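Notes for the structure review
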Amino acid sequence: MSPSRVLVLNSGSSSVKYQLLDMSDGVRLAAGLVERIGEESARLKHAHLTSGAVREWTGPIADHEAALKALAEELDKDGFGLDSPELVAIGHRVVHGGKTFTEPTVIDEVVLAEIERLIPVAPLHNPANLIGIRTAMALRPDLPQVAVFDTAFHTTMPESAARYAIDVQVADEYRVRRYGFHGTSHAYVSRATAKLLGKAPEDVNVIVLHLGNGASASAVRGGKCVDTSMGLTPLEGLVMGTRSGDIDPAVIFHLARVGGMSIDEIDTLLNKKSGLVGLCGDNDMREIRRRIDEGDAKARLAFDIYIHRLKKYIGAYCAVLGTVDAIAFTAGVGENAAPVREAAVAGLETLGLSVDGALNAVRSDQPRLISPEDARVKVAVVPTDEELEIATQTYALVRQSD
Ligand code: AMP
């Protein structure tokens, strides 16, 4: 059998998440996480998934190079070394691909330079992604390394959805436009939803609600994204764990002029201290629901604001799509929080939307429908799998160029 293993790397500023998958059968062989890179108490957690064995380790890890070497050693102990002939490619999650990268791309010096050129629009993410890629390339220079971009799925948005209504020259000079994020998740979930309906992706219109700590919605027509809620950065759109989502931009001028806050302070306020955490002090939906059950008014209001925004986007994307076949809930909140799903579609019967209480209450890690059998628009819960999507896209690309 030809080699078919793909290593997926997701490099953040102080962490690296990884999974090794065998793409001949889609089986996950190993997975792990290195966190607190650069600290004395960095932590590595590695799981050999076919046996269930888990190893954990705490100690100093100086940088991403040391982190990658440490995870490579762990893989090696399980017989999955980076030098294994079974390994056909490494797939890297890259957050921002701008307008340039519409597809997964084999990485070379030109691609690296372009990812670097995009740093001004992704100052937190692209530098960390680049370090991970460069380190992996140094460890295995002969192996194809593929970048899979969070923005790529959204590059099919028409200009009417992708442009902000600001001066065109200014927008173009500074690359100010709506890029969207969570693209691998929206791509995976919209396809999996079509499959759940027994249809081809080209034949269905789906609204995907990716509700995790970060949250975004997308309108997908016939397998192609036509609108999404995140914009130039992941700050726009839904209420999130710590981000405000949509806000009048003049709030920023007001806080600067009247509140005397600096741009960095406002950036931190809107990205880290807003959303659910800003409204009630908690960003975990489980804790918010527990507090609501105890009669906590702040938690109740935070939940209501979260749902109000979500409903607005569902309505908006019904209008954008014209006809909708299904709405799919995914990510930590979307997959687990039945009360969020119930509240999000409550009162939307005129749009053909409702959930069946008993089906909504079922806990499962499988894609499933939660709408009544005769529903005009199906409501689905579809667990996302960004690593599998990155591995699938990476494998397809290297197979194609064989
Ligand atoms: P993610 O970013 O997709 O990993 O989602 C993380 C978020 O999912 C957490 O902050 C929680 O708010 C939420 N979450 C995870 N498990 C549950 C659960 N069982 N019930 C409600 N919310 C959950």
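Model, not experiment: these values are computed from the prediction. (Residues numbered from 1 in each chain as written. Predicted model: local features only at pLDDT ≥ 70, side-chain atom pairs only at ≥ 80, totals over all residues. Heavy atoms only, no water.)

With that out of the way, let us pick up the overall build of the protein chain. Helix and strand counts for the protein chain come out as 15 helices and 14 strands. For a compact globule of 402 residues, the expected C-alpha radius of gyration is about 21 Å, and the protein chain comes in at 21 Å, within 12% of that figure. Taken along the three principal axes of its C-alpha coordinates, the protein chain extends 55 × 55 × 45 Å. Looking at the 402 residues of the protein chain, the share that counts as buried comes to 51%. Partitioning the contacts of the protein chain with sequence separation of at least 6, the portion at a separation of at least 24 is 62%. Entry remark: accessible area of the protein chain is about 18300 Å², with carbon and sulfur atoms responsible for 54%. Here the protein chain holds 42 positive side-chain charges and 54 negative ones, and the gap between their average locations is 4 Å. (Helix = DSSP H or I, 4+ residues; strand = E, 2+ residues; numbered from the N terminus. Rg over C-alpha atoms; globule rule 2.2 N^0.38 Å. Buried < 20%, exposed > 50% of the residue type's maximum accessible area, 1.4 Å probe, protein only. Contact = heavy atoms within 4.5 Å. Areas by Shrake-Rupley, 256 points an atom, 1.4 Å probe, with all protein chains shown as cover. Lys, Arg positive; Asp, Glu negative; His and termini not counted. Charge placed at Lys NZ, Arg CZ, Asp CG, Glu CD.)

Turning our eyes to something else, we now look at the environment of Val176. Here Val176 is to be found in the loop between α5 (168-173) and α6 (183-196). Measuring from C-alpha to C-alpha, the distance between Val176 and Ala162 comes to 9.7 Å, with 14 residues separating the pair along the chain.

Bringing the site of the ligand into the picture now. In the vicinity of the ligand, the contacting residues are Gly212, Asn213, Asn283, Asp284, Met285, Arg286, Ala331, Gly332, Val333, Asn336, Ala337 and Arg363. In this structure, an oxygen atom belonging to the ligand sits 2.9 Å away from a main-chain N or O atom of Asn213. Here an oxygen atom of the ligand and a backbone polar atom of Gly332 are 2.9 Å apart. When the ligand is considered free in solution it has 500 Å² of accessible area, and contact with the protein chains removes 69% of it. Put simply, the parts of the chain that give the shell around the ligand at least two residues each are α10 (285-293) and α12 (331-336). The biggest single contributor to the shell around the ligand is α12, with four residues. For the shell around the ligand, the class distribution of residues is four nonpolar, five polar and three charged. (Near = heavy atom within 4 Å. Polar contact = N/O pair within 3.5 Å; in protein donor to acceptor, adjacent residues only side chain to side chain. Nonpolar A, V, L, I, M, F, W, Y, C, P; charged D, E, K, R; others polar.)

Attention now goes to the sheet that holds strand β5 (residues 53-59). Pairing in this open sheet of eight strands is mixed, and the strands run β5-β4-β3-β2-β1-β6-β8-β7 from one edge to the other. Whereas interior strands pair on both sides, the edge strands pair on one side only; in this sheet they are β5 and β7 (105-106). Here β7 runs beside strand β8 (residues 145-149); their pairing, made up of two bridges, is antiparallel. Within β8, the residue paired with Thr105 across the bridge is Ala147. This element, helix α1 (residues 64-77), spans β1 (5-11), β2 (16-22), β3 (27-35), β4 (42-48) and β5 of the sheet and lies at about 35° to β2. (Pairing = 2+ DSSP bridges. Axes fitted to C-alpha atoms, helices over the stretch in contact; angles between N-to-C directions.)

Further remarks concern the packing of aromatic side chains. Counted under the stated rule, the structure contains two aromatic pairs. Ring geometry for Tyr313 versus Tyr317: centroids 5.7 Å apart, planes at 75°, classification edge-to-face. With Tyr313 and Tyr317 both in helix α11 (residues 297-321), this residue pair falls four residues apart, about one helical turn. On the basis of relative accessibility, which here comes to 13%, the residue Tyr313 falls in the buried class. Above the face of the Phe303 ring, Arg289 is positioned so that its terminal group lies 4.7 Å from the ring centre. (Phe/Tyr/Trp six-rings, centres within 6.5 Å; stacked < 30°, edge-to-face > 60°. Lys NZ or Arg CZ within 6 Å of the ring centre and 35° of its normal.)

Let's shift gears to the nonpolar core. Ranked by size, the top nonpolar core spans 45 residues in total, and within it Leu209, Leu211, Met285, Tyr306, Leu310, Ile327 and Val340 carry the most contacts. Among the elements of the structure, β9 (205-211), β10 (215-221), α9 (275-280), α10, α11, β12 (326-330), α13 (338-345) and β14 (378-381) are those that each provide at least two residues to this core. The element that contributes the greatest number of residues to this core is α11, accounting for eleven residues. Residues in contact with Val340, not counting those within four places in the same chain, are Leu211, Met285, Phe303, Tyr306, Ile307, Leu310 and Val333. Ranked by size, the runner-up nonpolar core spans 31 residues in total, among them Ala192, Ala194, Val206 and Ala380. (Core = buried A, V, L, I, M, F, W, Y, C linked by side-chain atoms within 4.5 Å.)

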